[in-house]
Amino acid sequence: MTASGNPQGTAADGRFARRATRQIHVGKVAVGGGAPITVQSMTTTKTADVQGTLEQIYALAAAGCDIVRCTCNEPEAAEGLAHIVPRSPIPVIADIHHQYKMALAALDAGVHGLRLNPGNIRRPEHIKAVAQECKDRNVPIRIGVNGGSLDPALYEKYGGIRPEAMVESALQEIAYFDEVGFDLVKISVKASSVPLMVEAYRQLSEVTPYPLHLGVTEAGPPPAGLVKATAGIATLLMEGIGDTIRYSLTADPVEEARAGRQLLEALGLRERKNVDLIACPSCGRAEVDVIDVANRAMAAFADRQLPLQIAVMGCVVNGPGEAREADLGIAAGNKRGHLFVKGINVAVVPESEMVEALVEWAEFINEHGTEAAIARADVAKAEREARLDRGTLLEAQGDDANRSNEKIVEIRKRMNP
Ligand code: SF4
C-alpha cells in the first residue's frame, strides 16, 4: 500500500503515489518523507587523490548527481575526505567495507553520511560504536545489504540469497542501532538479480518506515547494465517504493548520474532539467541518416541544461505530425531540415545545418518561450516550402515508401500460386 492508499502507486494525475517514509538529511539534501527522489553515484578515483576525486565529483554534480559516495578503505582515503568534503558541491558519503575504524575516521573527516555493509562489519560492539558516534554528530547511515556479501549465518538459515535473508540482515542492523537510540537511517537491499532485488525491496518496504535507496548491484556495462538497473529501479518506483537511486554501471560514473536523472525525468518524478530528445526509429521514408542526426543532436545538447522536448524525425511526410507535441523538432525534407515549434513550421534549413539550427532555436525557446519563437518566424514561407517538399516526396515515394503493399502481393502469390 502506498502513502496515498493507492495500491497501484499511480495517482490520478499520472504521477506515482509514493510510500510514506521518514525523512533524513544527507548534508543539506533531504531523503524520504516526500522529498524529491535523489540520484547518487560513486567516484572511481582513489579517495586519497583529492584533486582527481573533486574533478569527478564536479562532473557528477553537473550530470545530475545529488549525493556522491567515495570509498574510505584506508587511512589515506579518510585524510583525502577531510580535504574533499568541504570543497564538494554535493554531500559526500563514505563507503565503509570491513573496518569500523574507517567509519570513525570518515566521521572525523566530516562526511555527511556513511554506508555500512552489515555482511562485512558484524561485531555488535563495532556496529553500536559507529551508530553512537553518528548519533552524536547527527550523521545518517545507509544500511547497505548486498546479496553477494550476505552474512553467512543468514545465507545458511535461508538456504541461499533469498529476499527474506536480505530483509532480515537489514532488520538485525536496525536492532543494533535501536540499542543506542540511533534512527537516521536509510536502507538498501541490492542484488545483481532484478527479480531478487525487486522482491527484497517490496518485502522491506512493508516492514520499515525508513527511506530506501534503490539499486541493482553490479549491473555491468551499458547497454545491458542500463537495462537491468532500469528494470529493477523503475519497477519499484512505479510501485511508490524508493527515495534515492543509484545506477551501478561498469562505466564512467557520469553515465550513472545521467541515467539516474533521465529515469526520474522520464517517470515525471523530477522536474526536467535537460533536453528530452525524441527521435523516430527511421524507415524507408527517411531522407537523412536519422541515427547520426539524433546522436549528433544528443551530443550537442548533453551539457546544455535546456528543459525542452526536442524531436528529430526522418521525413517531412509523417515527422511533424508525429512530433507535434514537442517544443521543437526537425524533420528531414529534400536535402533540407524543416524546423517546427509545437508542430508549426518555422524555418527550413540546409541539411548540413540541422543540428546547429536545433541548438540555436532551442536556446531561443529556453530564453523566450515557444510563442516568441513562432512570432519571430516567417511561418507562411516555411509552411509553403514544407508543403512543396512533402508533395515532392510523396510523388517520388508514393504512399507506400516501405513497399509493404508490393511485398504483400508477392507473399500472396507464393501462398496461393
Ligand atoms: S515515416 Fe518518417 S518520421 Fe516516421 S519513421 Fe519513417 S522516416 Fe521517421
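Basis of the calculations
Residues numbered from 1 in each chain as written. Predicted model: local features only at pLDDT ≥ 70, side-chain atom pairs only at ≥ 80, totals over all residues. Heavy atoms only, no water. Helix = DSSP H or I, 4+ residues; strand = E, 2+ residues; numbered from the N terminus. Buried < 20%, exposed > 50% of the residue type's maximum accessible area, 1.4 Å probe, protein only. Contact = heavy atoms within 4.5 Å. Areas by Shrake-Rupley, 256 points an atom, 1.4 Å probe, with all protein chains shown as cover. Lys, Arg positive; Asp, Glu negative; His and termini not counted. Charge placed at Lys NZ, Arg CZ, Asp CG, Glu CD. Phe/Tyr/Trp six-rings, centres within 6.5 Å; stacked < 30°, edge-to-face > 60°. Lys NZ or Arg CZ within 6 Å of the ring centre and 35° of its normal. Core = buried A, V, L, I, M, F, W, Y, C linked by side-chain atoms within 4.5 Å. Salt bridge = Lys/Arg side-chain N within 4 Å of Asp/Glu carboxyl O. Near = heavy atom within 4 Å. Nonpolar A, V, L, I, M, F, W, Y, C, P; charged D, E, K, R; others polar. Pairing = 2+ DSSP bridges. Right-handed = clockwise from strand over helix to strand, strands pointing away. Axes fitted to C-alpha atoms, helices over the stretch in contact; angles between N-to-C directions. Parallel < 35°, antiparallel > 145°, perpendicular 65-115°, else oblique. Left-handed = near helix turned anticlockwise from the far one by under 90°.

Caption draft 1: Spotlight on the overall build of the protein chain. A count of helices and strands for the protein chain gives 15 helices and 15 strands. Principal-axis analysis of the C-alpha atoms gives the protein chain an extent of 80 × 60 × 40 Å. When the 417 residues of the protein chain are sorted by exposure, 51% land in the buried category. Nonlocal contacts in the protein chain, meaning residues at least 24 apart in sequence, comprise 64% of its contacts between residues at least 6 apart. Summing over all exposed atoms, the protein chain offers an accessible surface of approximately 18,900 Å²; the carbon and sulfur share of this is 51%. Averaging the locations of the 45 positively and 54 negatively charged side chains of the protein chain gives two centres separated by 2 Å.

Caption draft 2: Region of the structure containing the packing of aromatic side chains. Summed over the entire model, instances satisfying the criterion amount to one aromatic pair. Positioned above the aromatic ring of Trp 361 is the side chain of Arg 376, whose terminal nitrogen or guanidinium carbon lies 4.1 Å from the ring centre. Sitting over the ring of Phe 364, Arg 376 keeps its end group 4.0 Å from the ring centre.

Caption draft 3: Spotlight on unusual backbone geometry. In this model, Pro 222 is joined to Pro 223 through a cis peptide bond whose omega is 5°. By the secondary structure assignment, Pro 223 is in the loop between strand 9 (213-214) and helix 8 (224-238). In this structure, Glu 218 takes a positive phi of about 50° despite not being glycine. Tracing the sequence through the fold places Glu 218 in the loop between strand 9 and helix 8. According to the relative accessible area criterion, Glu 218 is exposed, its value standing at 53%.

Caption draft 4: Seen up close, the nonpolar core. The biggest cluster of nonpolar side chains holds 79 residues, and the ones touching the most others in it are Leu 81, Ile 96, Leu 114, Phe 177, Ile 187, Leu 237 and Ile 245. Looking at which element gives the most residues to this core, the answer is helix 7 (residues 194-207), with seven residues.

Caption draft 5: How the structure looks around the pattern of salt bridges. Tallied over the entire structure, the rule returns 25 salt bridges. Among the ionic pairs, Glu 133 bridges to Arg 137, the shortest N-O distance being 3.1 Å. In this pair, Glu 133 and Arg 137 are both assigned in helix 4 (residues 124-137), four residues apart and thus about one turn of the helix distant. The exposure class of Glu 133 is partly exposed, given its relative accessible area of 28%.

Caption draft 6: Spotlight on the site of the ligand. Neighbouring the ligand are the residues Cys 280, Ser 282, Cys 283, Arg 285, Ala 286, Gly 314, Cys 315, Asn 318, Gly 319 and Glu 322. Of the residues belonging to the shell around the ligand, the class tally is four nonpolar, four polar and two charged.

Caption draft 7: Region of the structure containing the side chain of Thr 38. Counting through the fold element by element, Thr 38 comes out in strand 3 (residues 38-42). With a relative accessible area of 4%, Thr 38 lands in the buried category.

Caption draft 8: Expanded view of the environment of Gly 144. With respect to the element layout, Gly 144 can be found in strand 7 (residues 141-146). Look at Gly 144 and you get buried, because its relative accessible area is 0%. Residues within four places of Gly 144 in sequence aside, it is in contact with Arg 115, Leu 116, Asn 117, Pro 118 and Ser 188.

Caption draft 9: View of the environment of Ile 67. Turning to its location among the elements, Ile 67 is positioned in strand 4 (residues 67-71). The contact partners of Ile 67, leaving out residues within four places of it in the chain, are Val 26, Val 29, Val 31, Thr 38, Val 39, Gln 40, Ser 41, Ile 90, Pro 91 and Ile 93.

Caption draft 10: Structural context of the pairing of strand 7. With six of six residues buried, strand 7 lies mostly within the body of the structure. Residues Ile 141, Ile 143 and Val 145 line one face of strand 7 and the alternating positions Arg 142, Gly 144 and Asn 146 line the opposite face, and both faces are buried. In the sheet, strand 6 (residues 113-116) pairs with strand 7 via three bridges, with the strands oriented parallel. Bridge pairing in strand 7 places Leu 114 opposite Ile 141. The parallel pair strand 6 and strand 7 is bridged by helix 4, and the resulting crossover is right-handed. As judged from the six bridges shared by strand 7 and strand 8 (residues 185-190), these two strands associate in the parallel manner. Looking at strand 8, one finds that Asn 146 is bridged to Lys 190.

Caption draft 11: Region of the structure containing the packing of helix 1 (residues 50-62) against helix 9 (residues 253-266). Look at helix 1 against helix 9: their axes get within 8 Å of each other, and the N-to-C directions meet at 20°. As far as their axial angle goes, helix 9 and helix 1 are roughly parallel. Crossing hand, helix 1 versus helix 9: right-handed. Contacts between helix 1 and helix 9 involve Gln 56, Ala 59 and Leu 60 from the former and Pro 253, Val 254 and Ala 257 from the latter. Partitioning the contact of helix 1 with helix 9 into residue classes produces five nonpolar, one polar and no charged.

Caption draft 12: How the structure looks around the sheet that holds strand 3. Taking strand neighbours across the sheet as the criterion, the eight strands line up as 8-7-6-5-4-3-10-9 in an open arrangement whose pairing is parallel. Every interior strand has two partners, whereas the edge strands, strand 8 and strand 9, have only one. Across four bridges, strand 5 (residues 92-96) lies against strand 6 in parallel orientation. Considered in strand 6, the bridge of Asp 95 is made with Arg 115. Helix 6 (residues 163-179) rests against strand 6, strand 7 and strand 8 of the sheet, and its axis sits at about 150° to strand 7.

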